[in-house]
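Chain by chain, the residues:
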Protein chains: 2
Amino acid sequence: MIENVVIIGAGNLATQLAQAFQENGIQISQIYSRTAESASELAGKVGIGFTNDLSQLITNADLYVIAVNDSAIRPILENLQLEENRLIVHTAGSVPMSILDGFTNNYGVFYPLQTFSKTRKVDFQTIPICIEANHPSNLMKLQELAGKLSRSVHQINTDERKTLHLAAVIANNFVNHFYTLGAEILQDKKLNFDLLKPLIIETAKKIETLHPVDAQTGPAKRNDSEIIQAQLKMLHDRPELQKIYSFVTENIFQVHQKHKHDLL
Amino acid sequence: MIENVVIIGAGNLATQLAQAFQENGIQISQIYSRTAESASELAGKVGIGFTNDLSQLITNADLYVIAVNDSAIRPILENLQLEENRLIVHTAGSVPMSILDGFTNNYGVFYPLQTFSKTRKVDFQTIPICIEANHPSNLMKLQELAGKLSRSVHQINTDERKTLHLAAVIANNFVNHFYTLGAEILQDKKLNFDLLKPLIIETAKKIETLHPVDAQTGPAKRNDSEIIQAQLKMLHDRPELQKIYSFVTENIFQVHQKHKHDLL
């Protein structure tokens, strides 16, 4: 059983994860971050020790959670000096589990599918945690650990996790960018972004009960060329946005033609 | 004061609006829809009379609300036979108020900025209602009426409303389409769309407290070309989606470079 954990990283995910572990009775033994400032900030929050020196890491924790940028994972692994075959996981959507191969005999992935900020508290109970491990006994350990944090634990292999990450980029990063574009369009005309917020929230909530393909409305789906042309014209001073508007509009129409056809 | 209303239309917006009026003590006198079936369905819901014949419309209601497709507004206006100078409004984001000019001396726009379905109940209290009228006395009437439904009533002119509608298309229709694309990507690999739902909800909720430009995360913002290239490759069998992925990714990066620069 995993009773104590070392967190490697002090960014958004590391911060939320450390707090969630602690609130669910899993002891955080130490925080590591390359920059002493972030490490100390997070360590202060959870009231435990930190280091910015990998050689000072506790060597016999039950679990090491690497929650850093994808490109920092390998350099960290290469510099870890732990007791043999400690259990190590990374938390990255697009990095294969096999990156851990050769550094320990016990490893896996612990990927919470959510967007995290340092300050915004999230309810881990509903966050899907995707786990993968190199051995059934490690999988069991991660399953048990994840189950303490969340009601939604899933065995997901490296390929599936990459697909999830791609879908997450589209449904989170891209979606958020369209919020930004909406906000900019309003700002240009001195209109308050608050006016859009109820619409944004309702659009998201709809998919809890309705498949998004059935929730789709608007000029693109109807192929309402009068509105589409008028709106393209309104974007005349933003050629990149105009291009995106065209492509997305065309794609909405195509996907819905196909959907209608599939229903026949 | 507006005490009774005729609703022209029986679609998503007409349905929600009729129910909201009634729940707030504004009498619906009649429902019109071109198709008797929709008219009767909605009339049944709110327990009042309906017609599918414009010549059978009550001629002296306090207000006529035209809640139909943009292209159906003018034909309806041309066939209305009401007592002189009844107050008429339309509910369309992209249609100028002036479309009503010549059909009555009292007119305006009543545009609730939200996405509506027939069955999904929405809380009108928080929905921004954008009103415009041809005369201060009509504006006052609409202001009072809207105030009974919502705490968020705004005087918005035709140009501003067009901008709002464009922003709404982007933050609702486009966003919802990206939910659809995310769902499709998962479905292709037999992964459950439910896994994405907590992320989608949290992404939307974030903007209640954080400007979306500050909430942005992910490979595009970081210009993480390794992930971007890998994800583009995963989309090799969906060239349109690949194109959209490229453009949106590029645009995220540009907008954030500009944003960083503006902060300096």
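Cut-offs applied
Residue indices begin from 1 for each chain and proceed along its sequence in written order. Chain letters start at A and ligand numbers start at 1, both assigned in the order the entries are written. It should be noted that, the model being predicted, local features are given only for residues of pLDDT at least 70 and side-chain atom pairs only at 80 or more, the latter also being counted only at that level, while totals for whole chains, interfaces and linings use all residues. To obtain the side-chain values, all non-hydrogen atoms of the structure were used and water was disregarded. It only takes one pair of heavy atoms within 4.5 Å for two residues to be counted as in contact. Between Lys or Arg on one side and Asp or Glu on the other, a salt bridge is scored when a side-chain nitrogen of the former is within 4 Å of a carboxyl oxygen of the latter. A run of H or I in DSSP becomes a helix once it reaches four residues, and a run of E becomes a strand once it reaches two; helices and strands are each numbered from the N terminus. Following DSSP output, two strands are said to pair if at least two bridges run between them. Here is the rule: rings of Phe, Tyr and Trp (six-membered ring for Trp) pair when centre to centre is within 6.5 Å. Planes less than 30 degrees apart are stacked, more than 60 are edge-to-face, and the remainder are tilted. A 1.4 Å probe rolled over the protein chains alone gives each residue an accessible area, and that area as a share of the maximum for its type sets the label: buried under 20%, exposed over 50%, partly exposed in between.

Description of the interface of chain A and chain B
Note on interface size: it is often stated as the accessible area lost on association of the parts.
Inference 1: Each side of the interface is counted separately: chain A has 81 residues, and chain B has 80 residues.
Inference 2: In this structure, the connection of chain A to chain B is made through two salt bridges.
Inference 3: For the salt bridge of A:R120 with B:E202, the shortest nitrogen-to-oxygen distance reads 2.6 Å.
Inference 4: Of all the secondary-structure elements, those providing two or more residues to the side of chain A that touches chain B are α5 (158-188), α6 (197-206), α7 (212-215), α9 (225-234) and α10 (239-263) of chain A.

What to know about the sheet that holds strand β7 (residues 129-133) of chain A
All names here are of chain A.
Inference 1: An order of β3-β2-β1-β4-β5-β6-β7-β8 is seen for the eight strands of this open sheet, with the pairing classed as mixed. Either end of the sheet is taken by a strand with one partner, and the two such strands are β3 (50-51) and β8 (153-155).
Inference 2: Taken together, the two bridges between strand β2 (residues 27-32) and β3 define a ladder with parallel strand orientation. By the bridge assignment for β3, I31 is matched with F50.

Notes on the packing of aromatic side chains
Two measures describe an aromatic ring pair: the distance that separates the ring centres and the angle between the ring planes.
Inference 1: Counted under the stated rule, the structure contains 10 aromatic pairs over all chains.
Inference 2: On the numbers, 6.0 Å between centres and 45° between planes, the contact of B:F21 with B:F110 is tilted. Note that B:F21 is positioned in helix α1 (residues 12-23) and B:F110 in strand β6 (residues 106-112), a separation of 89 residues in sequence.
Inference 3: Judged by its relative accessible area of 0%, B:F21 falls in the buried class.
Inference 4: Taken together, the aromatic side chains of A:F174, A:F178, A:Y245, B:F174, B:F178 and B:Y245 make up a single cluster linked through ring pairs.

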